[in-house]
Amino acid sequence: MTIDLPDLAAMDRLGRAIAGVLRAGDVVALSGGLGAGKTTLARGIIAGLGHEGEVPSPSFAIIETYDPPTVRLPLVHADFYRLEHPREAEELGLDDYREGAALIAEWPDHAGGFASEPGCLEITLETAETGRIAIVSAGPDWLGREPWK
């Protein structure tokens, strides 16, 4: 499925819609080139979960966590761009962070990918003449809770 995202407001709406149906164990895997809007979409999801205030990009820290009551469910926001090998995600303790939480993964391929997980929502962001587009592929756990409909 392809979703047109003509402006930042559309990106924010998509992020908030995803947040509305996100649950523990889900992965939102965000791909696309530098500047494609991955962190912007992640910020919309995090705001939609109830976080108020600044949402730093985890590109330097690699992992940022958000816990209730500032968000409605535990969330891990990770930017794997700087990883050179997927095993580095394991070394960071990613599985421990994910326990009972949802995950937003930027540059998921650098961590070995998550597409095989039933709760994975893959979103590839691309630049288009009219703004951006999101190419979405959802695992079976997303059946019946497609936030883009």
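Heads up: the structure comes first, above all this text.
Residues numbered from 1 in each chain as written. Predicted model: local features only at pLDDT ≥ 70, side-chain atom pairs only at ≥ 80, totals over all residues. Heavy atoms only, no water.

One face of the sheet, then the other: side chains in a regular strand alternate in exactly this way. Two strands pair when backbone bridges link them, and strand E2 (residues 27-31) and strand E6 (residues 120-128) are joined in this way by five bridges, in the parallel orientation. Its bridge partner being in E6, Ser-31 is matched across the sheet by Thr-124. With eight bridges joining them, E6 and strand E7 (residues 131-138) adopt antiparallel strand pairing. Within E7, the position partnered with Glu-126 by the bridge is Ile-133. As consecutive antiparallel partners, E6 and E7 are separated by two residues. (Pairing = 2+ DSSP bridges. Helix = DSSP H or I, 4+ residues; strand = E, 2+ residues; numbered from the N terminus.)

Now for the pattern of salt bridges. If you walk through the whole model with that rule in mind, you get three salt bridges. For Arg-16, the salt bridge goes to Asp-12, with nearest N and O atoms at 2.9 Å. Residue Arg-16 and its partner Asp-12 are located together in helix H1 (residues 8-21), separated by four residues, close to a single helical turn. Look at Arg-16 and you get partly exposed, because its relative accessible area is 40%. Residue Glu-117 is joined to Arg-98 by a salt bridge in which the shortest nitrogen-to-oxygen separation is 2.7 Å. Note that Glu-117 is positioned in the loop between strand E5 (102-106) and E6 and Arg-98 in helix H4 (residues 94-98), a separation of 19 residues in sequence. Among the residues examined, Glu-117 registers a relative accessible area of 24% and is labelled partly exposed. A relative accessible area of 16% places Arg-98 in the buried class. (Salt bridge = Lys/Arg side-chain N within 4 Å of Asp/Glu carboxyl O. Buried < 20%, exposed > 50% of the residue type's maximum accessible area, 1.4 Å probe, protein only.)

The next thing to look at is a negative patch on the surface. On the surface, a cluster of negative charge is contributed by Glu-90, Glu-91, Asp-95, Asp-96 and Glu-99. Elements with a minimum of two residues in the negative patch: helix H3 (87-91) and H4. (Patch = residues over 30% accessible without salt bridge, like charges linked within 9 Å, V, L, I, M, F, W, Y side chains within 5 Å. Areas by Shrake-Rupley, 256 points an atom, 1.4 Å probe, with all protein chains shown as cover. Lys, Arg positive; Asp, Glu negative; His and termini not counted. Charge placed at Lys NZ, Arg CZ, Asp CG, Glu CD.)

Attention now moves to the layout of surface pockets. Quantified by volume, the largest pocket comes out at close to 150 Å³. Lining of the largest pocket is provided by 14 residues; of these, Leu-34, Lys-38, Thr-39, Glu-106 and Trp-107 occupy positions nearest its centre. (1 Å grid on protein atoms, 1.4 Å probe; cavity = no way out; pocket = protein on both sides within 12 Å on 5 of 7 lines; lining within 4 Å. Points joined across faces, edges and corners; volume = space filled by probe spheres on them.)

Our focus in this paragraph is the side chain of Asp-79. Structurally, Asp-79 is set in strand E4 (residues 75-79). No salt bridge is formed by the buried Asp-79; its nearest oppositely charged neighbour, Lys-38, is found at 7.1 Å. A polar atom in the side chain of Asp-79 sits 3.0 Å from the backbone nitrogen of Tyr-81. Setting aside anything within four residues of it in sequence, one finds Asp-79 in contact with Ser-57, Pro-58, Ser-59, Ile-62, Glu-106 and Trp-107. (Polar contact = N/O pair within 3.5 Å; in protein donor to acceptor, adjacent residues only side chain to side chain. Contact = heavy atoms within 4.5 Å.)

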